[in-house]
Protein chains: 2
Amino acid sequence: MKKRRNTPTKEAVLEVLSKTGKAMSQDAIEQKIDIDINRATIYRVLNRFCDDGIVHRVVAEDGKQYFALCVKCEDNKEPSHHFHFRCLRCETIECLPVEVNFTIPDEYLVENVNCVLTGTCRDCSRI
Amino acid sequence: MKKRRNTPTKEAVLEVLSKTGKAMSQDAIEQKIDIDINRATIYRVLNRFCDDGIVHRVVAEDGKQYFALCVKCEDNKEPSHHFHFRCLRCETIECLPVEVNFTIPDEYLVENVNCVLTGTCRDCSRI
DNA sequence: TTATTTATTGCGATTGTATTGCAATATTAC
DNA sequence: GTAATATTGCAATACAATCGCAATAAATAA
């Protein structure tokens, strides 16, 4: 892996993702960051994070990419392949602690799993 | 529902989807059709099919939309929410006869399920 | 068959997401 | 401090998908 450098951009993006705990689009991330960072830069940072296994990418059925921190601490472990929920009201995507299970013939080589449920999330359905 | 008319475009699109039995992008459909049909028209036809429940739409992690016939005959029934498999080699998407199961708190209102596995399909892994 | 209604189509323009090339900048190691 | 190079900003680009509008064609009535 290519050597990485510490930059304000990286820290800012990580902080935002860490704070919300949800999957965010580049646009949402940019809005939450106080300093001004170029769009392309944010994408590049996010893609690097993905390469390094720090965040994972979800593509929702709106065709957009969303990025979320890979949570791997003990008490809040998320399954490697988990469902995501996109709320149409609050426009957020959360990682559900629900594992994606499936049985598929051995001949298939699964390299990636992308599962998104869409609707109204718990918080919004209460209102 | 608004009244539909029969057009060569509709028939051509349906025939292509029926023949392959897979989920296809607008681009792939256009290439498989012998007559010349405008891009926007194909999208409109497909969107109408989705509205009418004739085809369903899948968004893969490449951010593109793929459309597949809703199979509902007796011996080849596909689960309402099923997994899809996108093969990176042959660049096709097939509907797997594998149901998507998950348990999620009642407060969530699930309106849509979009699950795509990506990798190498059965046929391509043999080679 | 002809006329009328309006769903459908083609075309070009447009929107929006994401990426890329290149020069400038900033970080790390020496 | 200096050198090497990872990172950034900017503008341009690629691509999927949609939209407005005028033209066309399918379904129905006359």
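The structure presented is a predicted model; accordingly, all values stated were derived computationally and were not measured.

## Concerning the relation of the copies chain B and chain A
Each copy of the sequence occupies a distinct position, and chain B is placed on chain A by a rotation of 180° and an axial shift of 0.0 Å, giving an RMSD of 0.1 Å. What the rotation and shift describe, once combined, is the action of a two-fold rotation axis.

## Some details on the UniProt feature "binding site: Zn(2+)" (unreviewed entry) in chain A
All names here are of chain A. Mapped onto this numbering, the UniProt entry gives "binding site: Zn(2+)" (unreviewed entry) at C87, C90, C121 and C124. Spatially, the listed residues are clustered: although they cover 38 residues, their C-alpha atoms lie within 8.2 Å of one another. Structurally, C87 can be placed in strand β3 (residues 82-87). Excluding anything up to four places from it in sequence, C87 contacts T92, G119, T120, C121 and C124. Its place among the elements puts C124 in helix α4 (residues 122-126). Residues within four places of C124 in sequence aside, it is in contact with C87, R89 and C90.

The rules we used
- Residues numbered from 1 in each chain as written.
- Chains lettered and ligands numbered in written order.
- Predicted model: local features only at pLDDT ≥ 70, side-chain atom pairs only at ≥ 80, totals over all residues.
- Heavy atoms only, no water.
- Least-squares fit on C-alpha atoms with pLDDT ≥ 70 in both.
- UniProt positions renumbered as here; feature names shortened; annotations may be inferred.
- Helix = DSSP H or I, 4+ residues; strand = E, 2+ residues; numbered from the N terminus.
- Contact = heavy atoms within 4.5 Å.

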